[in-house]
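Below are the chains, spelled out letter by letter.
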Amino acid sequence: MLSQEKLLRDGKLHIFLLGSGGPFNNEKRVSSSIAVIVDGEFLLFDVGPGTYRNADLLRLPVMQLSGIFLTHFHSDHIGDLGEVNIMSWASGRSKALKVYGPRGVDKVVNGFKMAYEYDMGYRIAHHGVEIVPPEAGVLISKSITIKDSNERELCYDKNGVKIYAFEVDHSPVNPAVGYRIEYKGLVVVITGDTIKTENLVKQCKNADILFSEAISFDLLNNMINLVKNLNPRVAKILTDIQNYHMDPVSAAKLAKEAQVKKLVFVHITPPLLNKNVENIYLEGVTDVFDGEVILGEDRMKFSLEPS
Ligand SMILES: [Zn+2]
Ligand SMILES: [Zn+2]
């Protein structure tokens, strides 16, 4: 494993999948989170339940965590916000943690702050302000407003790393955003949860890596057929979720139209229990997109080097 210092300073853009699944977890995949480590900064895109566990297992430099970018506020994208904040602070983070997100992020962040107020107090009383400086444990919300729904909005610009937010369509979840990360000519795009739109194609244009959400409607429909008589409630939810996500072939069309180099599936739903099920999930993808396709898995690593 690369040393933490090398990860932070070797000039490459490192990406780790900390959560490659959707709301239904299994051993291989917990809910959504992607870590980006570049030029001394550690950034997280979504913090679904299980994010911190995977960051810890990989021994990532959590004390350098400086920003979290939320795509929207479904629980499978925000559940670990409190854990990530407290544990990175207890591990030695020396600065307050900024949490970027669409309108509503202030309320979400304030709620987490309130929930963890006692815990922060216990730790300060127990270890002292030198060890756990109170000001470093603070979450600061940064609300993103996208002025033109067909354009991306610069929301972070530091040491050559530019992060843009763009609007996605995950209605009735509104607003919801995706993120485009640019660094010395490299482009990485994270779709967040969305259907395929013209604007999404535009925002993914020429990405070196596209991390696209995709849920398999074929697999969900099989599940619906199995449970519809036994459990109509579950069948309804599994039906409803299909109108605000992409399936893998739609994501492949997105990758093709946007001319991306590599497509990595994330938010993989439902859990893929064996090779056969993986094949059903990927069916038709390579007929559409002829670039590299990767089925994301927790703790996978990608490194890009600026040319
Ligand atoms: Zn989700
Ligand atoms: Zn969602």
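Higher on the page you've got the structure.
The rules behind these values
- Residue positions are given per chain, counted from 1 along the sequence in the order it is written.
- Whichever chain is written first becomes A and whichever ligand is written first becomes 1, with later ones labelled in order.
- Local features in a predicted model are, by the rule used here, given only for residues with pLDDT of at least 70; side-chain atom pairs are given and counted only at 80 or more, and totals for whole chains, interfaces and linings are based on all residues.
- Numbering of helices and strands runs from the N terminus; a helix is a DSSP stretch of H or I covering at least four residues, while a strand is a stretch of E covering at least two.
- With the radius of gyration taken over C-alpha atoms, the globule rule is written as 2.2 Å times the number of residues to the power 0.38.
- Working definition of burial: number of other C-beta atoms within 10 Å of the residue's own, with buried at 20 or more, exposed at 12 or fewer, and partly exposed in between, all C-beta atoms being placed from the backbone.
- Note that contacts rest on C-beta atoms placed from the backbone: two residues are in contact if these are within 7 Å.
- Each pair of strands is called paired provided DSSP finds at least two bridges between the two strands.
- Structural elements are reduced to axes, namely lines fitted to C-alpha atoms, with helices fitted over the stretch in contact, and the angle between N-to-C directions of any two is expressed from 0 to 180 degrees.
- By definition in this entry, angles of less than 35 degrees are roughly parallel, angles greater than 145 are roughly antiparallel, angles of 65 to 115 are roughly perpendicular, and the rest are oblique.
- Crossing handedness is defined as follows: a turn of the near helix away from the far one that is anticlockwise and smaller than a right angle gives a left-handed crossing, while the clockwise case is right-handed.
- Here the nonpolar group is Ala, Val, Leu, Ile, Met, Phe, Trp, Tyr, Cys and Pro; Asp, Glu, Lys and Arg are the charged ones; every other residue, Gly included, is treated as polar.
- A set of buried residues drawn from Ala, Val, Leu, Ile, Met, Phe, Trp, Tyr and Cys, joined through C-beta atoms within 7 Å, is what defines a nonpolar core.

## Focus: the overall build of the protein chain
Okay, so step 1: When helices and strands are tallied, the protein chain shows 12 helices and 14 strands.
Okay, so step 2: Its C-alpha radius of gyration of 19 Å places the protein chain within 12% of the 19 Å reference for a compact globule of 307 residues.
Okay, so step 3: When the backbone C-alpha atoms are referred to their principal axes, the protein chain occupies close to 55 × 50 × 40 Å.
Okay, so step 4: Buried residues in the protein chain amount to 44% of all 307 residues.
Okay, so step 5: The contacts in the protein chain between residues at least 6 apart in sequence include a share of 67% that link residues at least 24 apart.

## Side note on the pairing of strand E7 (residues 153-158)
Okay, so step 1: Of the pairings in the sheet, the one linking E7 to strand E8 (residues 161-167) comprises five bridges and is antiparallel in character. Residue pairing across strands places tyrosine 156 opposite isoleucine 163, the latter belonging to E8.
Okay, so step 2: What sits between the antiparallel neighbours E7 and E8 is a turn of two residues, in which asparagine 159 has the positive phi angle 50 degrees.

## Notes on the packing of helix H8 (residues 217-227) against helix H9 (residues 232-240)
Okay, so step 1: One can describe the packing of H8 onto H9 by two numbers: an axis separation of 9 Å at closest approach and a directional angle of 160 degrees. Classed by the angle they form, the pair H8 and H9 counts as roughly antiparallel. The handedness of the crossing between H8 and H9 is left-handed. Residues Leu220, Met223, Ile224 and Val227 of H8 pack against Val234, Ala235, Leu238 and Thr239 of H9.
Okay, so step 2: Considering only residue class, the contact of H8 with H9 consists of seven nonpolar, one polar and no charged.

## A word on the environment of asparagine 206
Okay, so step 1: Considering the arrangement of structural elements, one finds asparagine 206 in the loop between helix H7 (198-204) and strand E11 (209-215).
Okay, so step 2: In sequence terms asparagine 206 and alanine 115 are 91 residues apart; their C-alpha atoms lie 41 Å from each other.
Okay, so step 3: In this structure, asparagine 206 is in contact with Val187, Gln259 and Val260, ignoring residues within four places of it in sequence.

## Re the pairing of E11
Okay, so step 1: Of all seven residues in E11, seven are buried, a share of seventy percent or more.
Okay, so step 2: The side-chain alternation of E11 yields two buried faces, one formed by Ile209, Phe211, Glu213 and Ile215 and the other by Leu210, Ser212 and Ala214.
Okay, so step 3: By the bridge criterion, three bridges tie strand E10 (residues 186-190) to E11 in an arrangement that is parallel. Residue pairing for E11: valine 189 is matched across the bridge by leucine 210.

## Comments concerning the nonpolar core
Here is a general trend for soluble globular proteins: nonpolar side chains tend to be buried in one another's company.
Okay, so step 1: Ile34, Ala35, Val36, Tyr179 and Leu210 are the most contacted members of the largest nonpolar core, which totals 81 residues.
Okay, so step 2: Every residue in contact with alanine 35, bar those within four places of it in the chain, is listed here: Ile15, Phe16, Leu18, Phe42, Leu44, Ala55 and Leu60.

## What to know about the sheet that holds strand E6 (residues 139-144)
Okay, so step 1: Overall, mixed pairing links the seven strands, which are arranged E6-E5-E4-E3-E2-E1-E14 in an open sheet. With partners counted over all chains shown, the strands left at the sheet margins are E6 and strand E14 (301-304), one partner each. For this sheet the average axis-to-axis angle between neighbouring strands, irrespective of direction, equals 20 degrees.
Okay, so step 2: Relative to strand E5 (residues 97-102), strand E4 (residues 65-69) runs parallel, the two being bridged by three bridges. Along E5, the bridge assignment pairs glycine 67 with lysine 98.
Okay, so step 3: Across the sheet, helix H5 (residues 105-115) touches E5 and E6, and the angle it forms with E6 is around 165 degrees.

## Focus: helix H6 (residues 117-127)
Okay, so step 1: Of all 11 residues in H6, zero are buried, a share of ten percent or less.
Okay, so step 2: Note on H6: the residue one or two positions beyond its end, glycine 128, has a positive phi of about 95 degrees.

## A word on unusual backbone geometry
Okay, so step 1: Cis geometry marks the peptide bond from asparagine 174 to proline 175; its omega dihedral reads 0 degrees.
Okay, so step 2: With respect to the element layout, proline 175 can be found in the loop between E8 and strand E9 (177-183).
Okay, so step 3: Across the junction of threonine 269 and proline 270, the peptide omega takes the value -5 degrees, indicating a cis bond.
Okay, so step 4: With respect to the helices, strands and loops of the structure, proline 270 is situated in the loop between strand E12 (262-269) and helix H11 (275-282).
Okay, so step 5: At arginine 59, a position not held by glycine, the phi torsion is positive, near 55 degrees.
Okay, so step 6: Inspection of the secondary structure assignment puts arginine 59 in the loop between helix H2 (51-57) and E4.
Okay, so step 7: Residue arginine 59 is classed as exposed on the basis of its C-beta count, with 12 C-beta atoms lying within 10 Å.

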